[in-house]
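Chain residues, written in single-letter form:
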Amino acid sequence: MVALDLDGTLLTSDKNISKVNENVLKQIHHDGIKVVLCTGRPINAIWPYIEQLGLTGEDDCTITFNGALVVHNNDKQELFKQGMTKASFEPLFEYANQANGPLDILDFDRVYSIADLKNSMYQQQFKGNIEFVSRSFSDLGEDDLYSKGIVCDKPEVLDEFRIDMPVRVGQQYHIVRSQPQIMEFLAPKMDKTVGLKALLKHFGWNFNQLMAFGDSDNDLGMITHAEIGVAMKNGKEEIKAVSSVVTTDNDSDGVGQYLKSYFSIR
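Residues numbered from 1 in each chain as written. Predicted model: local features only at pLDDT ≥ 70, side-chain atom pairs only at ≥ 80, totals over all residues. Heavy atoms only, no water.

Per an unreviewed UniProt entry, the chain goes by Cof-like hydrolase and derives from Lentilactobacillus parafarraginis DSM 18390 = JCM 14109.

Here's what the structure looks like:
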């Protein structure tokens, strides 16, 4: 199985899959390798990439919401799902209110922009098909399941937001900086590794059968656990430090170039 982060990894800086990457991934997929996109977004938001790569077969799946949901691509059925309750986000909401920060909370279908707080930049930053709803925190469903919280603001504002965060708040979540302007708040042990473990188990496999590509904080777990963890040249130093190999950057067909070499593709 080949697991692929999107932004900064498979996608170029202008959010496209290059022809080199597309052709190589289609070839290994045709030859029986499972190609799995791993993203913080819902599947509808990345559906054009799934179609471009032809990942619509009976066994094709996608890791979404940074590991909290694994979806069968062809029928959108859930293979694995793990969420948080509204109560889990109360410490984050209280801190955002105190720090004059924005907050978006996602379930598995839509984004709730929390109306009690500073306006969020997330809807403008988000690329893809998902519904945004403005809602007060008090009006969120008590028993509903939510996938993650998002604080989206200017990078320097997020830096201060993280530095000033009380330890008791930070300890409630697995916090990842998926992009300079986006900070994600996941369940304490949630990352892409969780979804990949469920998917590998579904096929009767383990992490010895996994090659993973990534560049940022939310890829650290899968890069560490994979038999072959491939970091992008443009990736964070922490990712490169735990990877098996570093490939070229995302604007130089880094994914395709390494796969061509590994699988001896001409």
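Colleague: Lay out the side chain of D7 with the relevant residues and their values.
Modeller: Mapped onto the fold, D7 is located in helix 1 (residues 6-10). Looking at D7, its side chain comes within polar contact range of the side chain of R41, at 2.6 Å. Excluding residues that lie within four positions of it along the chain, D7 makes contacts with K15, R41, Q179 and D215. (Helix = DSSP H or I, 4+ residues; strand = E, 2+ residues; numbered from the N terminus. Polar contact = N/O pair within 3.5 Å; in protein donor to acceptor, adjacent residues only side chain to side chain. Contact = heavy atoms within 4.5 Å.)

Colleague: Hey, could you go over unusual backbone geometry for me, with residue numbers and the actual values?
Modeller: Even without being glycine, K15 reaches a positive phi, approximately 70 degrees. With respect to the helices and strands, K15 occurs in the loop between helix 1 and helix 2 (19-30). For K15, a relative accessible area of 31% puts it in the partly exposed group. You will see that N66, though not glycine, has its phi angle at about 55 degrees, which is positive. (Buried < 20%, exposed > 50% of the residue type's maximum accessible area, 1.4 Å probe, protein only.)

Colleague: Pulling in residues and values, what's your account of the nonpolar core?
Modeller: Counting residues in each nonpolar core, the largest one holds 70 residues, and the members touching the most others are L37, I114, Y122, F161, F185, F213 and L259. Residues lining this core come from more than one domain, with at least three contributed by each of domain 1 (2-82 + 190-263) and domain 2 (86-186). In this structure, F161 is in contact with L92, Y95, A96, A99, G101, V151, M183 and F185, ignoring residues within four places of it in sequence. One finds V70, L199, L210 and A212 within the second-largest nonpolar core, a separate group that totals 18 residues. (Core = buried A, V, L, I, M, F, W, Y, C linked by side-chain atoms within 4.5 Å. Domains from an automatic or database assignment.)

Colleague: How would you sum up the packing of aromatic side chains? Please name residues and give values.
Modeller: Given two aromatic rings, one states the distance between the centres and the angle between the planes to describe the pair. All told, the structure shown has 14 aromatic pairs when counted by the stated rule. Plain terms: the ring middles of Y112 and Y146 are 6.3 Å apart, the flat faces sit at 75 degrees to each other, and that makes the pair edge-to-face. Residue Y112 is located in strand 7 (residues 110-114), and its partner Y146 is located in the loop between strand 8 (131-135) and strand 9 (148-152); the two are separated by 34 residues in the primary sequence. For Y112, a relative accessible area of 7% translates into the label buried. Given a relative accessible area of 2%, Y146 falls into the buried group. Plain terms: the ring middles of F213 and Y258 are 6.0 Å apart, the flat faces sit at 70 degrees to each other, and that makes the pair edge-to-face. Here F213, found in strand 12 (residues 211-214), pairs with Y258, found in helix 11 (residues 254-262); they are 45 residues apart in sequence, far enough to count as distant. Pairwise contacts between aromatic rings join F89, Y112, Y146, Y173 and F185 into one cluster. (Phe/Tyr/Trp six-rings, centres within 6.5 Å; stacked < 30°, edge-to-face > 60°.)

Colleague: Give a detailed account of the pattern of salt bridges, specifying residues and quantitative values.
Modeller: In the structure shown here, the tally under the stated rule is 16 salt bridges. Among the salt bridges present, the one from E22 reaches K26, with a minimum N-O distance of 2.7 Å. Here K26 and E22 lie together in helix 2, a separation of 4 residues that amounts to about one turn. With a relative accessible area of 34%, K26 lands in the partly exposed category. Among the ionic contacts, a cluster of salt bridges with common partners joins D5, K192 and D219. (Salt bridge = Lys/Arg side-chain N within 4 Å of Asp/Glu carboxyl O.)

Colleague: Please provide a residue-by-residue account of the domain arrangement of the chain, values included.
Modeller: Domain parsing of the chain yields domain 1 (2-82 + 190-263) and domain 2 (86-186). In this assembly, 19 residues from domain 1 lie in contact with 17 residues from domain 2. When the two sides are added together, the surface that domain 1 and domain 2 hide from each other amounts to roughly 1400 Å², 62% of it contributed by carbon and sulfur. Three residues, F65, K81 and M190, lead the burial of domain 1 against domain 2; their summed loss comes to 30% of the area buried on that side. Inspection of the region where domain 1 meets domain 2 yields 0 salt bridges. Taken together, domain 1 and domain 2 are joined by 6 residue pairs in polar contact (both at pLDDT 80 or more). Its residues assigned to classes, the side of domain 1 that touches domain 2 comprises 6 nonpolar, 6 polar and 7 charged. (Buried area = accessible area lost by both parts, 1.4 Å probe. Nonpolar A, V, L, I, M, F, W, Y, C, P; charged D, E, K, R; others polar.)

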